[in-house]
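Chain by chain, the residues run as shown.
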Amino acid sequence: MSNYIKLTLILYILILNSTISLFKYTFYDITTKSKPSNKKVCLIIVDGLRVDALNNMPFIHNLIENNNAQFTISIADKPTLSRAGYMRILTGAPTHISGISSNNQHIPSPILSASDLAISQKLKTALCGYFWIDELFPFSFYYKKTYFIRDGTTFNDAISVVNSFNPNFLIVHPMSVDNAGHSFGGNSIQYKNTANKIDYEIYKLYKEVNKYNYDIIITSDHGHQNFGGHTNFEENTFLTPFIFISKRTYLKLPKSIKQIDIAPTLCDLLGISKTLYMTGDSLLNNENLSLLRKAHIINPTLPFEYNLSLSLFITNILLTIHLIIYFYFIRLIKSKF
Ligand SMILES: [Zn+2]
């Protein structure tokens, strides 16, 4: 191969790269208009918290009873595993789109999370808790304090982060309820006691974040079977609580929501754009993402992911035309000189 062809190929790869990133944003990134937001959201993912555990969480229970918090049930999709759950909550993509379906996939998420989108809008993000979320989204948090085995001082970390760093988006992710579920079962006294302890931690954090008017979401990746574990797809594992606490925003909550509705809701609360991978619907009553998505897809009768492949296919055709023109002109220039 002559040197000039090699050089041309390198140049082409560079152009291809930049074009792909251009197209990536054309096809996959859309903006929906959000309601005015104070851009302060605290998402508490209590790992392995099933719905009836709320009976042992007096602080949250009272907030709901006194209409100071809104409650509904969030339905986790299959599989009811942590990593798949974090992906659904944070990217809004169902598992068959994200591809993250096992806890053994120690790889970064192939899809942007609400936190990545927040960073791209110059918002400050923070994570306190177990390291698995950090493994999926290693570049998504300005500030992070993670633990490998026990929770350590997750909630105290969160309180100090709120007061010193004042993030726009804070994720707090305690593991102790899930650990108790695995050791003693979701119906055990130990599991209930641990949920009770977390409730008190949430109360302490609530007092702090309230000073800054944070909107708070409390939810979970999955529940727990009566005798521990959460691999069986049953009500105890796929039903989790969804609690929303806000002084300024009211959600119209249906009887149940999907886990993938949380990410677009986070985007609306933060006043940032969503991605087309978010196939759930925002719980804020504003522009419907599915309508906007329809405008971007070519054949609405095909599943969404096929349309994404079609977009990629069209991108490739355009790039091939680009390549032909490029080589044609190179030959033209070469013949002139
Ligand atoms: Zn677990």
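Remember, it's a predicted structure, so these values are computed and weren't measured experimentally.

With that settled, the discussion passes to the overall build of the protein chain. Assigned secondary structure in the protein chain consists of 13 helices and 10 strands. Among the 337 residues that make up the protein chain, the fraction classed as buried is 50%. Relative to all contacts within the protein chain whose residues are 6 or more apart in sequence, the contacts with residues 24 or more apart total 69%. When the accessible surface of the protein chain is summed, it comes to about 16100 Å², and 59% of that surface belongs to carbon and sulfur atoms.

Time to look at the coordination of the zinc ion. Bound to the zinc ion on the protein side are D178 (OD), D178 (OD), H182 (NE2) and H230 (NE2), at distances that span 2.1 to 2.5 Å. Because the angles between the 4 donor atoms bound to the zinc ion fall within 54 to 153°, the donor set is best described as irregular. In primary sequence terms, the donor set of the zinc ion follows D-x3-H-x47-H. With D178 in helix α8 (residues 176-184) and H230 in the loop between β7 (215-219) and α10 (235-238), the pair connects residues that are 52 residues apart, well separated along the chain. Note on D178: relative accessible area 4%, which makes it buried.

A separate point is the environment of F131. One can find F131 in the loop between β4 (125-130) and α6 (132-136). Judged by its relative accessible area of 15%, F131 is buried. With 14 residues separating them along the chain, F131 and K145 place their C-alpha atoms 8.5 Å apart. Excluding its chain neighbours within four sequence positions, the residues that come into contact with F131 are T146, Y147 and F148.

One can find I189 in helix α9 (residues 189-209). Look at I189 and you get exposed, because its relative accessible area is 56%. Once the C-alpha coordinates of I189 and N56 are considered, the two residues, 133 residues apart in sequence, prove to be 10.0 Å apart.

Turning our attention to the sheet that holds strand β2 (residues 41-45). Note on sheets: strands pair through backbone hydrogen bonds, and any given pair is parallel or antiparallel. If you trace the 8 strands from one edge of the open sheet to the other, you get β5-β4-β6-β2-β7-β8-β3-β9, paired in mixed fashion. This sheet does not close on itself; its edge strands, each paired only once, are β5 (143-147) and β9 (256-258). Neighbouring strand axes in the sheet, compared pairwise and without regard to direction, differ in orientation by 20° on average. Sheet topology places β4 next to strand β6 (residues 169-173); 5 bridges connect them, and they run parallel. In the strand pairing of β6, G129 is matched with H173.

Let us look at the packing of α8 against α9. Look at α8 against α9: their axes get within 8 Å of each other, and the N-to-C directions meet at 175°. The pairing of α8 with α9 is recorded here as roughly antiparallel in orientation. For the pair α8 and α9, the contacting residues are S176, V177, A180, G181 and F184 in the first and Q190, Y191, T194, A195 and I198 in the second. By residue class, the composition of the contact of α8 with α9 is 6 nonpolar, 4 polar and no charged.

This next bit is on the confidence of the model for the protein chain. When the pLDDT values of the protein chain are averaged, the result is 86; 85% of them are 70 or greater. Contacts from residues 24-29, a stretch scored under 50 in pLDDT, to residues over four places away or in other chains number 15 contacts.

Once that is clear, we can look at the packing of helix α7 (residues 154-165) against α9. Orientation of α7 relative to α9, taken along the N-to-C sense of each, is 5°, at an axis distance of 10 Å. Here α9 runs roughly parallel to α7, going by the angle between their axes. The segment α7 lies against α9, with F155, A158, I159, V162 and N163 engaging I198, E201, I202, K204, L205, E208 and V209. Within the contact of α7 with α9, the residues separate by chemical class into 8 nonpolar, 1 polar and 3 charged.

In terms of nonpolar packing, the biggest core is built from 38 residues, with L43, L90, I133, F169, I171, F242 and L266 touching the most fellow members. Among the secondary structure elements, those contributing two or more residues to this core are β2, α3 (82-91), α5 (114-120), β4, α6, β6, β8 (239-245) and α11 (262-270). Top element by residues in this core is α11. It accounts for 6 residues. Residues in contact with I133, not counting those within four places in the same chain, are I45, Y86, L90, L127, F141, I171 and H173. If you look at the next biggest cluster of nonpolar residues, it comprises 34 residues, including M57, I60, V162 and I198.

Bringing a nonpolar patch on the surface into the picture now. A cluster of nonpolar residues, F313, I314, I317, L318, I321, I325, Y328, F329, L332, I333 and F337, forms a patch on the protein surface that exposes about 1100 Å² of accessible area. Here I321 lies in helix α13 (residues 304-336).

The tally for this structure, following the rule as stated, stands at 8 salt bridges. With its nearest N and O atoms 3.8 Å apart, the salt bridge here joins E201 to K204. Note that E201 and K204 are positioned in helix α9 at a spacing of 3 residues, about one turn of the helix. Residue K204 is classed as partly exposed on the basis of its relative accessible area, which comes to 25%. With a closest N to O distance of 2.8 Å, D268 and K274 form a salt bridge. We note that D268, like K274, is buried.

About the thresholds
- Residues numbered from 1 in each chain as written.
- Predicted model: local features only at pLDDT ≥ 70, side-chain atom pairs only at ≥ 80, totals over all residues.
- Heavy atoms only, no water.
- Helix = DSSP H or I, 4+ residues; strand = E, 2+ residues; numbered from the N terminus.
- Buried < 20%, exposed > 50% of the residue type's maximum accessible area, 1.4 Å probe, protein only.
- Contact = heavy atoms within 4.5 Å.
- Areas by Shrake-Rupley, 256 points an atom, 1.4 Å probe, with all protein chains shown as cover.
- Donors = N, O, S within 2.8 Å, 3.2 Å for Na, K, Ca; no water.
- Tetrahedral: all angles 85-135°; square planar, octahedral: opposite > 155°, others 65-115°.
- Pairing = 2+ DSSP bridges.
- Axes fitted to C-alpha atoms, helices over the stretch in contact; angles between N-to-C directions.
- Parallel < 35°, antiparallel > 145°, perpendicular 65-115°, else oblique.
- Nonpolar A, V, L, I, M, F, W, Y, C, P; charged D, E, K, R; others polar.
- pLDDT = per-residue confidence, 0-100.
- Core = buried A, V, L, I, M, F, W, Y, C linked by side-chain atoms within 4.5 Å.
- Patch = residues over 30% accessible without salt bridge, like charges linked within 9 Å, V, L, I, M, F, W, Y side chains within 5 Å.
- Salt bridge = Lys/Arg side-chain N within 4 Å of Asp/Glu carboxyl O.

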